[in-house]
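Structural overview for review
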Amino acid sequence: MSNLNNVLYLSVATALLMSVDVLAQTSTTYQEKELNIAPLASQQPDTTGLWYHINEKQIRLANEEFYRLKAEYPRWEIPDEVITALERINGKTNQNVQSVPSQVEKPAQEVQPKPEAPLEAFAALTPKARAAASTTKVKQLATLSNAMNRTDFYLLIGWTALDKNMLDVAQQQFEQAKGIATLDSQKQSVEQGLNGVKGVKVQQALSLNDFEKLQQYLNNDSSGYVAQLLQGKAWNYYDAQQFELAAMLFALIGDNEGQYVTFVASNKVDEAFTLACSINSEIFLRRCADALAERQVRFYEVQAYSKSIDAALQLEKIRVLTLEERALLGWASKERGDVAAATSAFEEVLSNTPQNEVIANELVTLNRDDSATLGRLALKYPQIKRQLQQQTVQNAWPRKQFLYAYLNEDERVTTAQTKDAFTALYGVNVRQRSGQDGLGNFDVVSQYVGIGSTYDKWLWQVTFDYKQFYSGTPSQGDWFAGGQLDDAVSAPFEGISGFEDTGVRGEVLYQADAFNFYANLEYGMFSQPVDAEVTGQLSATGFFTDMTVAATLFRQAKEDSLLSQTGTFNSNHQQPWGYVIEEGARLLAAYVVAPKWSAATTAQLSTLKGDRVDDNNAFSLRFDISYDVAEDVSSYLDYWRVGPFVSYNSYDKNLSGFTYGNGGYFSPDYFVSVGGYSELLTLETLNWQLKLRSALALSRVKQQNELRFPLSDFFDDPDDALARLDYDRSTGLSGNIMAEGQYRITDKWIVAGYIGKAFAVEYQAFEAGIQIRWRQGKGTGVTSDELILSSPRRSGFAL
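The model shown is predicted, which means the values in this text are computed figures rather than measured ones. (Residues numbered from 1 in each chain as written. Predicted model: local features only at pLDDT ≥ 70, side-chain atom pairs only at ≥ 80, totals over all residues. Heavy atoms only, no water.)

**Some points on the overall build of the protein**
For the record, the criterion: To qualify as a helix, a DSSP run of H or I must reach at least 4 residues; to qualify as a strand, a run of E must reach at least 2; elements of each kind are numbered from the N terminus. For every residue, the accessible area obtained with a 1.4 Å probe (protein chains only) is divided by the maximum for its type, and the residue is called buried under 20%, exposed over 50%, and partly exposed between those limits. Two residues qualify as a contact provided that any one of their heavy atoms is within 4.5 Å of a heavy atom in the partner residue. Computed with a 1.4 Å probe, the accessible areas rest on the Shrake-Rupley method; for each residue, only the protein chains presented here act as cover.
On a plain count of helices and strands, the protein comes out with 27 helices and 21 strands. The burial tally for the protein puts 47% of its 799 residues in the buried class. When contacts within the protein are restricted to residue pairs at least 6 apart in sequence, those whose partners lie at least 24 apart make up 60%. Total accessible area on the protein stands at roughly 39,600 Å², and carbon and sulfur atoms take up 53% of it.

As C-alpha cells, this is what we get:
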C-alpha cells in the first residue's frame, strides 16, 4: 500500500484540474501571469486500481487491470515503474511485461474479508464508477477511512469528495491525511487536495462577488494559494477590461502593482495618484513624483494656483524640483500674490541659469516696490542689473529723463551726450513787453555765465547774471506814484526809467526711476530800489503707467513791468515801491487716454505781495487735449501734438496801475481763452534739434475799475471817476509762437537759441535768446532736456 498515494495523486490530478482550471493560474507580475499548472498528458489512464492490486499482491487482478488499460488506451506510454512492479509480482525480471500470459495463477485460497475491504473495492473501481457513487456512499467510506487512519484511504476519499463537490468531506479527509503523511508524494497530494478545496471555494465566492468570504479565505490561508488564485483571476478581469473587479481583487490581496496599473488603464488618475503616494518604495515614489509633476502643470493651466503650489511642495519632499518645476512654482506663487515665495523660486532658477532674461525680468517686476531686494539681486545677478538698467532706460527715454538714462548706461544717450562732465556756458536773453503808453512798456536784457557738472547723480549748475532793465517814462497827465503828472509836478519826468544790476543763482536736478526733482535759489538785483529778496522754486514730478503728475512750489518776482519786477522810485527818487513777489503752487496732471491721445490739466494758486503794494490773490486753470500726428507726418519727428485748449485766469483785484498800492502787473478780473495749439519736437540724439510751439485763441478780458490808490484815501469821494482805474471789457484774438533749437558744432561745443512772439488784448511780447555751451567728453548729438526753455526754472515743472 505504500505506493497508493502515488497512484491516487496521478489519478485525481486530472479531475482536480478539470474542476478548478479557471483558477489554476498563478501570476507574479502583469507581464508573467500565464503560468498554468501542467495537465497530465492526453491518453494517460487512471492507474489507481492497477497499483492497488499490485500493492496487495493480487497478481491476476493486477494483470487483468493492466491489459484492460492497454486495450482502452492504445496510445498509453507505460511508465517504467509500472513495468517493473508487474515483472516483480509475476516473478519475471528480464521478460517484457507486455508478453505476460493472460492466464495467471489464482491464489491457493480466498482471503477473508478485511475491514478495509470496502475502501479497497472502491479504489478498484474505474474513475467513472467512483464518480457515480452516491453522496451517502462517499460519506460512509469517509467514516471508514477515518477509522482506518491510512493516508492512502484519506487521499482516495478526499479526491472523490472533491470531485463530487463535497467540500467539507474533502477538507476533512485531506486534513487528516496531512497529519500522518510521511512520503513526499503523499504530502504533495495532500497539498494539491487542500488547494483544490480552496480553489472551488474561491470560485464559488467569486461567482457571488462575496468579497467578505474571499477576505476570510485569505486570512485563513497561510500557504498563499488563495492569494495566488485571486491574483490570476484579477488579471483575467484586467484582460477582460473589467477594471473595477480587477482593482477590488488586487486591493484584497494587497497587490499594489496590479491595483496601480488597473487604475491607470481605467483612467482613474486620482486613485492611481493616491495609491502611488501611499507606498514607500522606489518605483511607487517615482510614480508619485511623476503624478505630482503632472498635477502641478495641470492645476496651473486651470488657474488652480494653490493646488499647483501644494503639488510642487509635495514633490519637493520626494525629489529635487527641476528648473522648469521650480519656475512653475514661482509663476503660481506670483499669481497667488506670494511675492516672497515667487522671489525665492525664481532666484533659485536664476542662480542655475544666470542668463535667463525671462526669470530676471520677473524678479524685477515682482520687487519693483522693494528697492532693498532689487539692490541685493542686482549685486548678485548681472542679468538683474542689466534688466534694471534696460527697464530704467526704456521708461526714461519717453519721459525725457536723459540724465537718468545716461547714468544707467543707455547707449543712445551716452553716445549723444556726456551728461556728467564739467560744463561751461554763456548766454544772452532779450525780453520786450509792450502795453499801455509809458511804464507799461518794459525791456530786459540778461547776460549770464555758468558752470555745472554732476555730483553723486545730482546735476548742479551755478550761474552769474547781469541784467539791464529799461522802462518807458510816464507821460504828462499819467497817474504815477502819488499823483497825476503835469507840468507843475514833472516837466520833464525825472524818475527812474532803467538800471543795471547783478545776481547769482544755483540749481540742482535729480532723476530717478519714475521721479524727477528740481530746486533753484536766486538772489540778485542788489541795487534795485526795493530791497532784494531770495526767490526760488521746488518742483517734483511722478511718472506712472498712464499718468504724469507734477507739482511746483515757487516764490518769484512778477516780471510784467519795471514796477512789478524790481520796483521803482517816484519822480523825486524819494520813495520806492513795487517789487511784487508771487508765492504759490502749480499742479500738472497729464493722462494718456488712448494711444497717441492725451489730456492735461494745469492749475495755479498764488498770492502776490509787494512794498507799498496791496496784497492780491490769483488763480489760473488750463485744460487741453492733444493728438500726436508725428508718425503720419515725418520720421524725423519725436512728437507733434495738436489739439484744443481752454484757459482761465483770475485776480481778486485789478492792481495793474502805477500809483502807490498798485503793482504794475496784468491782473484782470478774468481772462478766458478758447482755442487750439500745436507743439512739435524733432528726433532726439541727432546733432540738431528743433522745437516749435504755437497757439491761437479767442480771448475775453475784464478789468475792474479798482481804486487808484487802494492803500490810502487820496480821494475824498471814492466814487469820483478819477479815484478809480479805467474799467475795461473786451474780446479779441490772442496767440503765441515760439521756436527754439540747438546744434552740435563739435563733440564739445553746442549752440542753442530761441525766439518767440505773443499777443493778446492790449498786450504784445517778444523774447529771444542764444546760448553756447562747452562740455568735457565727446558727443554726437543733442537731447531736448538741454533746450534753453526746457529748464524747469523756465518751464515751471521738473519735466
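**Observations concerning the packing of aromatic side chains**
Our working rule: The aromatic pairing rule takes the rings of Phe, Tyr and Trp, using the six-membered ring of Trp, and pairs them if the centres are within 6.5 Å, calling planes under 30 degrees apart stacked, those over 60 edge-to-face and the rest tilted.
For the structure on display, the rule yields 21 aromatic pairs. Between the aromatic rings of W235 and F250, the centroid separation amounts to 4.8 Å while the plane-to-plane angle is 70°, which identifies the pairing as edge-to-face. Of this pair, W235 sits in helix α12 (residues 225-239) while F250 sits in helix α13 (residues 243-253); the two residues are 15 residues apart in sequence, bridging distant segments of the chain. Judged on exposure class, the residue W235 and its partner F250 are both buried. When the centroid spacing of 5.6 Å and the interplanar angle of 75° are considered together, the rings of Y238 and F243 count as edge-to-face.

**A few points about helix α17 (residues 305-318)**
Applied cut-off: Given a helix with a known number of residues, its expected span is that number minus one, times 1.5 Å. Our arc is simply the arc of the directions from the helix axis toward the C-beta atoms.
Here α17 is 14 residues long and its end C-alpha atoms lie 20 Å apart, about the 20 Å a rise of 1.5 Å per residue gives. Inspection of α17 places Y305, S308, I309, A311, A312 and L315 among the buried residues, and these make up the whole buried set. All buried residues of α17 fall inside an arc of 160° around its axis, so they share one side. Turned more than 90 degrees off the buried face of α17, the exposed positions are K307 and K317. Those residues of α17 hidden inside the fold are in contact with α16 (282-301) and α18 (323-336).

**Concerning the pattern of salt bridges**
Where we set the bar: Note on definitions: salt bridges are taken to be side-chain nitrogens of Lys or Arg within 4 Å of carboxyl oxygens of Asp or Glu.
Taken as a whole and assessed by the stated rule, the structure comprises 34 salt bridges. One salt bridge in this structure joins R555 and E583, with 2.5 Å as the shortest N-O distance. With R555 in strand β11 (residues 547-557) and E583 in strand β13 (residues 576-594), the pair connects residues that are 28 residues apart, well separated along the chain. Here R555 falls in the partly exposed class, since its relative accessible area comes to 26%. According to the relative accessible area criterion, E583 is partly exposed, its value standing at 34%. Between K691 and E679 there is a salt bridge, with its nearest N and O atoms 3.9 Å apart.

**Digging into the nonpolar core**
Here is the rule: Nonpolar cores were defined as sets of buried Ala, Val, Leu, Ile, Met, Phe, Trp, Tyr and Cys residues, with membership established by side-chain atoms within 4.5 Å.
Core analysis: the biggest nonpolar cluster contains 42 residues, and L206, L214, L230, L249, L252 and Y260 have the highest contact counts within it. Broken down by element, this core gets its largest block of residues, seven residues, from α13. Formed by 28 residues, the second largest nonpolar core is a distinct cluster that contains W159, A177, A181 and L194.

**Description of the pairing of strand β9 (residues 515-524)**
This is how it is decided: Between any two strands, pairing holds if DSSP finds at least two bridges.
Inspection of the sheet shows strand β8 (residues 498-512) paired to β9 by 10 bridges, in the antiparallel sense. Bridge assignment links G506 to a residue of β9, and that residue is L521. Between the antiparallel neighbours β8 and β9 lie two residues, among them A514 with a positive phi of about 65°. The sheet contact formed by β9 and strand β10 (residues 534-543) spans nine bridges and is antiparallel. Following the sheet pairing, L521 is matched in β10 by G536.

**So, the side chain of T548**
Here T548 shows up in strand β11. Overall, T548 belongs to the buried group, its relative accessible area being 19%. When neighbours within four sequence positions are excluded, T548 is seen to be in contact with T541, G542, F543, L588, A589, A590 and L799.

**A few points about unusual backbone geometry**
Unlike most non-glycine residues, D456 shows phi in positive territory, near 50°. Positionally, D456 belongs in the loop between β4 (442-455) and β5 (458-471). Although it is not a glycine, K596 adopts a positive phi angle of roughly 75°. Locating K596 in the fold gives a position in the loop between β13 and β14 (597-611). Take K596: its relative accessible area is 33%, and that puts it in the partly exposed class.

**A look at the side chain of R287**
On the secondary structure map, R287 appears in helix α16. For R287, a relative accessible area of 16% gives the class buried. Every residue in contact with R287, bar those within four places of it in the chain, is listed here: E257, Y260 and A276.

**Quick word on the packing of helix α7 (residues 135-148) against helix α8 (residues 151-163)**
Condition: Simply put, an axis is a line fit to the C-alpha atoms, just over the touching stretch for a helix, and the angle between two N-to-C directions goes from 0 to 180 degrees. Each angle gets one of four labels, with under 35 degrees taken as roughly parallel, over 145 as roughly antiparallel, 65 to 115 as roughly perpendicular, and the rest as oblique. If you view the pair so one helix is near and one far, a crossing is left-handed when the near helix is turned anticlockwise from the far one by less than a right angle, and right-handed when it is turned clockwise. Just so you know the grouping, Ala, Val, Leu, Ile, Met, Phe, Trp, Tyr, Cys and Pro go in nonpolar, Asp, Glu, Lys and Arg go in charged, and all remaining residues, Gly too, go in polar.
Packing of α7 against α8 leaves a shortest axis separation of 9 Å and a crossing angle of 155°. The orientation of α7 with respect to α8, classified from their angle, is roughly antiparallel. In this structure, α7 meets α8 at a crossing whose hand is left-handed. Mapping the contact onto sequence places V138, L141, A142, S145, N146 and M148 in α7 and F153, Y154, I157, T160 and A161 in α8. For the contact of α7 with α8, the residue count by class is eight nonpolar, three polar and no charged.

**A look at the packing of helix α9 (residues 167-180) against helix α10 (residues 184-207)**
Across the interface, α9 lies against α10 with an axial gap of 9 Å and an inter-helix angle of 155°. Taken together, the axes of α9 and α10 lie roughly antiparallel to each other. Between α9 and α10 lies a crossing whose hand is left-handed. For the pair α9 and α10, contact is made by L167, A170, Q171, F174, E175, A177 and K178 and by V190, G193, L194, V197, V200, K201 and Q204, respectively. By residue class, the composition of the contact of α9 with α10 is eight nonpolar, three polar and three charged.

**Concerning the environment of S278**
Along the chain, the position of S278 falls in the loop between α15 (269-276) and α16. Along the primary structure S278 and C288 are separated by 10 residues, whereas in three dimensions their C-alpha atoms are 8.5 Å apart.

**A short note on the pairing of β4**
Pairing of strand β3 (residues 423-434) with β4, which is carried by 11 bridges, proceeds in the antiparallel orientation. Among the inter-strand pairings, L425 is bridged to a residue of β4, identified as G450. In the sheet, β4 pairs with β5 via 14 bridges, with the strands oriented antiparallel. Considered in β5, the bridge of S453 is made with W460. The hairpin formed by β4 and β5 contains two residues between the paired strands, and D456 there has a positive phi angle of roughly 50°.

**So, the confidence of the model for the protein**
Note: predicted coordinates in regions of low pLDDT should not be interpreted at a detailed level. The condition that has to hold: Confidence of the predictor at the level of single residues is given by pLDDT, which spans 0 to 100.
Averaged over the protein, the pLDDT score is 84; the fraction of residues at 70 or greater is 90%. Residue range residues 1-42 is modelled with pLDDT below 50. Its contacts to residues more than four positions away, or to other chains, number 84 contacts. With pLDDT under 50 throughout, residues 93-109 is counted as low confidence; its partners more than four residues away or in other chains account for 21 contacts.

**Topic: helix α20 (residues 357-366)**
As a reminder, the rule being used: In protein, a polar contact means a hydrogen-donor-capable atom and an acceptor-capable atom, both N or O and within 3.5 Å, with residues adjacent in sequence counting only if both atoms are side-chain atoms; elsewhere, any N or O pair within 3.5 Å suffices.
I359, A360, E362, L363, V364 and L366 are the residues of α20 that are buried. Contacts made by the buried residues of α20 are with α18, α19 (339-352), α21 (371-380) and α22 (382-396). Here α20 starts with a cap whose side-chain oxygen sits 3.2 Å from the backbone nitrogen of V358, and that cap is N356.

**Some points on the environment of Q771**
Counting through the fold element by element, Q771 comes out in strand β21 (residues 763-775). Leaving out residues up to four positions away in the same chain, Q771 has contacts with L425, Y426, G427, Y448, I750, V751, A752 and I788. At 2.9 Å, the side chain of Q771 and the side chain of Y448 are in polar contact.

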